[in-house]
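Close look at the chain arrangement
The lines below spell out each chain.
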Amino acid sequence: MIYLVTNQDTSHLREVRDIVVCTPQEVIDKLKDLESIGYDSETSGFDAYTSTLYTIQLGNNDFQCVIDVTTVDINLFKEILETKELLGHNLKFDLKFLYHQRIIPNEVYDTFLGEKTVSLGLNLHKCSLAACVDRHCGVVLDKEERNNINGKLTEGFVRYAALDVKYLHEIKEKQLKQLKATNSVISIHLDCKFVKVLAYVEYCGIKLDVDQWTAKVNKAKAELEGHKTVLDNFITENGITQFIDTQLDLFSPKSSVTINWNSSHQVVKFLNFVGVDTKVIEDGVEKNTTEASHLAKFAKDYPILETYIKYKEVMKDVSTYGDNWLRQINPISKRIHSQFTQLMNTGRLSSGGKNKQTKEEYLNFQNIPADQETRSCFVAEEGNLLIGCDYSGQEQIVLVNKCLDPNLLQFYDLGLADMHSFIASKMYPELEGLDLEEIKKKHKEKRQAAKSAGFAINYGGQGITIADNLGIPLEEGNKIYDAYFQAFPGLKKYFEDVKKFGVENGYVLISPVTGKRSYIYGYEEFVEKSREYKKKEFWDLYKKHKGQNTPTAQRLKKEVSEWFKKKGNIERMSLNFPIQGESAEITKLACIYFWRDYLLPNNLLFKVKIINIVHDEILIEAPESIAEEAGNALEKAMVMAGNVFCKRVPLKADPCIEKFWKK
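To keep things clear, this report deals only with the structure shown in the data block. Per chain, residues are indexed from 1 in the order of the written sequence. At least 70 in pLDDT is required for a residue's local features to be given in this predicted model, at least 80 for side-chain atom pairs to be given and counted, and no such filter applies to totals for whole chains, interfaces and linings, which use all residues. Think of the side-chain values as coming from all heavy atoms in the structure, minus any hydrogens and water.

**Re the overall build of the chain**
- When its secondary structure is counted, the chain shows 26 helices and 21 strands.
- When accessible area is computed with a 1.4 Å probe and restricted to protein chains, residues below 20% of their type maximum are described as buried, those above 50% as exposed, and intermediate ones as partly exposed. Within the chain, the fraction of its 663 residues that count as buried is 51%.
- Residues count as neighbours in contact if any of their non-hydrogen atoms are within 4.5 Å of one another. Within the chain, counting contacts between residues at least 6 apart in sequence, those at least 24 apart form 65% of the total.
- Summed over all atoms, the accessible surface of the chain reaches about 32,600 Å², with 50% contributed by carbon and sulfur. Every helix listed is a DSSP run of H or I at least four residues long, and every strand listed is a run of E at least two residues long, numbered separately from the N terminus. What sets the accessible areas is the Shrake-Rupley method with a 1.4 Å probe; for residues, cover comes only from the shown protein chains.

**Overview of the sheet that holds strand β20 (residues 617-623)**
- Pairing is antiparallel across the open sheet formed by four strands, whose spatial order is β19-β20-β16-β21. For this open sheet the edge positions go to β19 (609-614) and β21 (653-658), each flanked by a neighbour on one side alone. Strand after strand, the sheet turns through a mean of 20° between neighbouring axes, direction not considered.
- Alignment of β19 against β20, held across five bridges, turns out to be antiparallel. From the neighbouring strand, I613 faces β20, where its bridge partner is I618. Note: two strands are recorded as paired if DSSP finds a minimum of 2 bridges between them. For helices, the axis comes from a line fit to the C-alpha atoms of the stretch in contact; other axes are also lines fit to C-alpha atoms, and the angle between any two N-to-C directions lies between 0 and 180 degrees.

**Structural notes on helix α20 (residues 463-470)**
- Of the residues making up α20, those classed as buried are G463, I466 and A467. The buried residues of α20 occupy one face: seen down the axis, they fall within an arc of 100°. Facing away from the buried side of α20 by more than 90 degrees, the exposed set consists of D468 and N469.
- On its buried face, α20 is in contact with α19 (444-458) and α21 (474-487). Arc definition: directions from the helix axis to the C-beta atoms.

**Considering the pattern of salt bridges**
- Salt bridge criterion: a side-chain nitrogen from Lys or Arg within 4 Å of a carboxyl oxygen from Asp or Glu. Evaluated as defined, the whole model comprises 34 salt bridges.
- With its nearest N and O atoms 2.9 Å apart, the salt bridge here joins D540 to K536. With a gap of four residues between them, D540 and K536 both fall in helix α24 (residues 536-545), about one helical turn apart.
- In this structure K536 comes out as exposed when scored by relative accessible area, which is 59%.
- Where salt bridges share partners, they join D191, K516, E585 and K588 into one cluster.

**What about the pairing of strand β11 (residues 279-282)?**
- Sheet analysis places β11 next to strand β12 (residues 285-288), joined by four bridges and oriented antiparallel. For V280, the partnering residue across the bridge sits in β12 and is K287.
- Connecting the antiparallel pair β11 and β12 is a turn made up of two residues, with D283 showing a positive phi of about 55°.

**Re the nonpolar core**
- Formed by 170 residues in total, the largest nonpolar core has its most connected members in L81, W325, F594 and L599.
- Ranked by residue count, the leading element in this core is helix α25 (residues 551-599), at 18 residues.
- When residues no more than four places from it in sequence are discounted, the contact partners of W325 are L208, W213, T320, I336, L363, N364, F365, I368 and F378.
- Formed by 22 residues, the second largest nonpolar core is a distinct cluster that contains I235, F243, W261 and V276. Among buried residues, the Ala, Val, Leu, Ile, Met, Phe, Trp, Tyr and Cys ones that are joined through side-chain atoms within 4.5 Å form a nonpolar core.

**A closer look at the packing of aromatic side chains**
- Stacked, tilted and edge-to-face are the three classes assigned to paired rings of Phe, Tyr and Trp, where Trp is represented by its six-membered ring and a pair needs centres within 6.5 Å; plane angles under 30 degrees give stacked, over 60 edge-to-face, the rest tilted. Inspection of the entire model under this criterion finds 41 aromatic pairs.
- On the basis of an interplanar angle of 10° and a centroid distance of 6.1 Å, the ring pair of W325 and F365 is categorised as stacked. Of the two residues, W325 is situated in helix α13 (residues 323-327) and F365 in the loop between β14 (350-351) and α14 (372-375); the sequence distance between them amounts to 40 residues. For the residue pair W325 and F365, the accessibility class agrees, reading buried in each case.
- Among the aromatic residues, those joined into a ring-pair cluster are Y523, F526, Y533, F538, W539, Y542, W563 and F564.

**Here's the deal with the side chain of T6**
- Looking at the secondary structure, you find T6 in the loop between β1 (2-5) and β2 (19-21).
- A polar atom in the side chain of T6 sits 3.5 Å from the side chain of T71. Counted as a polar contact is a pair of N or O atoms within 3.5 Å, where, for protein atoms, one must be capable of donating a hydrogen and the other of accepting one, and residues adjacent in sequence contribute only when both atoms are in side chains.

**So, the sheet that holds strand β4 (residues 53-59)**
- One open sheet holds the seven strands; their spatial order is β2-β1-β5-β4-β3-β6-β7, and the pairing between them is mixed. Only two strands of the sheet have a single partner each, and these edge strands are β2 and β7 (107-110). Here the strands of the sheet are splayed against their neighbours by 25° on average, with no regard to which way each runs.
- Bridge count between β1 and β2: three bridges; the pairing is parallel. Among the inter-strand pairings, L4 is bridged to a residue of β2, identified as V21.
- Strands β1, β3 (36-43), β4 and β5 (64-68) of the sheet are contacted by helix α1 (residues 24-31), whose axis makes an angle of about 140° with β1.
- Set on the sheet, helix α6 (residues 155-166) makes contact with β1, β2, β3, β4 and β5; between it and β3 the angle comes to about 140°.

**A word on the environment of E624**
- On the secondary structure map, E624 appears in the loop between β20 and α26 (627-645).
- A relative accessible area of 46% means that E624 is categorised as partly exposed.
- In this structure, the C-alpha to C-alpha distance between E624 and K451, residues 173 residues apart in sequence, is 40 Å.
- Leave out the neighbours within four places in its chain, and E624 touches G383, N384, L385 and K659.

**Observations regarding the side chain of K84**
- Within the secondary structure layout, K84 lies in the loop between α2 (78-83) and β6 (85-88).
- Despite its burial, K84 pairs with no opposite charge; the closest candidate is D33, at 6.0 Å N-O.
- A polar contact is formed between the side chain of K84 and the backbone oxygen of L34, at a distance of 2.8 Å.
- K84 has contacts with L31, K32, D33, L34, E35, I37 and E107, leaving out every residue within four places of it along the chain. Just so you know, the count uses Lys and Arg for positive and Asp and Glu for negative, and it drops His and the chain ends.

**Looking at the pairing of β4**
- Most of β4 is tucked away: seven of the seven residues are buried.
- Bridging between β3 and β4 involves six bridges; their strand directions are antiparallel. Directly across from Y39, in β4, lies its bridge partner L58.
- The pairing of β4 with β5 spans five bridges and is antiparallel. By the bridge assignment for β5, Q57 is matched with V66.
- Hairpin remark: β4 followed by β5, antiparallel, with four residues in the connecting loop.

See the structure below:
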């Protein structure tokens with residue numbers, strides 16, 4: 001049965017037996033004894049500030065209530081919405097519209113996040129509501145009315161709206177059964193608590209100083225034009241006619257350069273003409289590149305490359321951090337609002353995406369340059385301050401707590417300051433016993449080698465990675481790689497164990513604390529090939545055809561190459577995901593604690609805003625009068641969260657209070 005609450009004319013629904021028009025109190029009476037209620041909403045758009053909330057839907061499999069909030073006060077249902085567990089699909093969207101009405105649900109369960117959690121890593125696993133209803137309930141939802149949402153309560157619209165809450169309880173039940181089987185229930189509980197915070201982050205947005213940003217953009221545009229002039233002059237002064245339009249007209253006193261410096265294809269032609277080799281091999285395939293890391297190798301012989309590299313850097317700045325930011329200032333809130341994806345395959349958050357209505361790219365709040373010129377453009381409202389609080393060395397400390405390597409533990413137990421010098425002292429016998437400050441000043445090359453080795457190895461790099469990063473021979477890169485693991489045997493054993501686990505089990509255990517795991521896409525095929533490659537007959541056949549150019553030889557080479565590539569990918573995932581993913585779990589839990597222990601009990605929602613989350617940093621905005629208090633509360637929440645995951649070496653957080661984003 002569908003119960004409709006509205007003050008619109010419903011005479012056209014009188015003959016519809018299973019749609020009953022009733023009062024708000026009648027609906028409240030039906031809902032008050034339920035522990036959890038399915039929730040959904042229909043709106044005119046995606047932005048809570050500028051879009052209209054048409055209806056909210058509440059209910060379960062037995063009955064659904066469609067409430068027309070364009071004619072009925074939504075606050076009549078505030079107590080129900082704030083005290084019952086709300087089940088919804090992709091609740092981050094719906095929560096922002098509730099926050100706009102100053103309605104704050106206490107408990108939620110998001111079936112979208114539940115489905116992502118049971119299938120993390122399996123990219124072809126569809127997580128839409130229709131897919132979940134089909135998969136878990138065996139029902140195909142009719143979405144024909146989706147394009148007719150305009151606030152008019154037609155029979156089709158009412159049925160469509162009601163169906164979005166009908167199956168949520170059954171989906172939750174099926175998901176929890178799967179999650180219990182994989183010991184991942186804590187993971188979904190964490191994400192369902194965190195989605196309330198993430199919706200708040202998107203709703204709060206961040207303030208941009210328009211004048212300061214405009215001055216920054218204009219400065220970059222002028223710099224870009226200067227680099228372009230140098231590049232164009234190089235063409236004309238050297239008489240490279242291939243890139244000059246020599247056909248003058250009445251309005252062109254000079255010949256003009258035809259090359260588009262933003263076109264890699266055209267730039268490759270220019271570079272090849274002047275003698276720069278743009279060929280590289282990636283994954284066994286030869287291709288042309290204009291990447292700065294490659295061109296920098298030739299800059300000594302071709303100084304114009306330095307100008308081109310600078311041009312590319314400034315062009316990226318202008319296109320990524322230019323007028324597009326000004327266009328996305330919300331006309332109502334006067335702030336910029338981005339979108340976050342809560343569950344990437346790594347377990348991390350990401351920011352960005354595309355606005356389905358305007359087709360414009362949402363801005364990536366996690367990739368804003370850390371230079372002061374850029375960061376100082378992000379400011380607090382008048383009377384407020386920004387508080388940035390970040391973990392000190394979060395991923396490194398997460399790794400140490402996982403591997404428990406004695407030498408790395410020694411670094412933290414002694415409270416030493418320079419990790420790279422410490423690593424160098426363990427890698428190079430001649431540095432043993434030296435003061436770390438002395439190593440930093442007098443043995444810079446060895447310290448840099450240790451630094452490069454640490455960054456490369458911790459994320460699955462090999463000797464060749466170190467060699468490329470340092471511009472040294474492969475043999476030397478391999479020596480550094482071997483020395484690193486000799487210095488840290490506990491780390492080596494941990495890496496070997498997690499790589500073996502991923503290859504043998506088909507998933508990466510991101511966090512043993514929450515049970516979050518990321519499955520390896522295509523693992524069944526990998527296992528099938530692994531069984532085949534254990535047979536002597538296969539390798540006899542491979543050896544027989546190796547070195548030949550027959551179709552069989554080419555097929556076998558390709559298959560074996562793909563298998564080794566897949567194995568390498570699994571091993572890199574096994575190294576990267578637990579560090580990045582568990583770090584993300586810690587940051588999420590810190591936000592939950594800050595929300596639960598400070599914002600809610602002190603009635604500070606919409607006064608103290610959470611405006612950005614950048615992996616290991618949480619940025620908030622608070623009135624000047626309580627800025628220090630809010631910063632201390634945030635620091636406390638972050639340390640508490642760190643202690644849940646990092647038992648041996650604790651995580652510390654460092655707050656910074658300013659008028660602008662300083663960190």
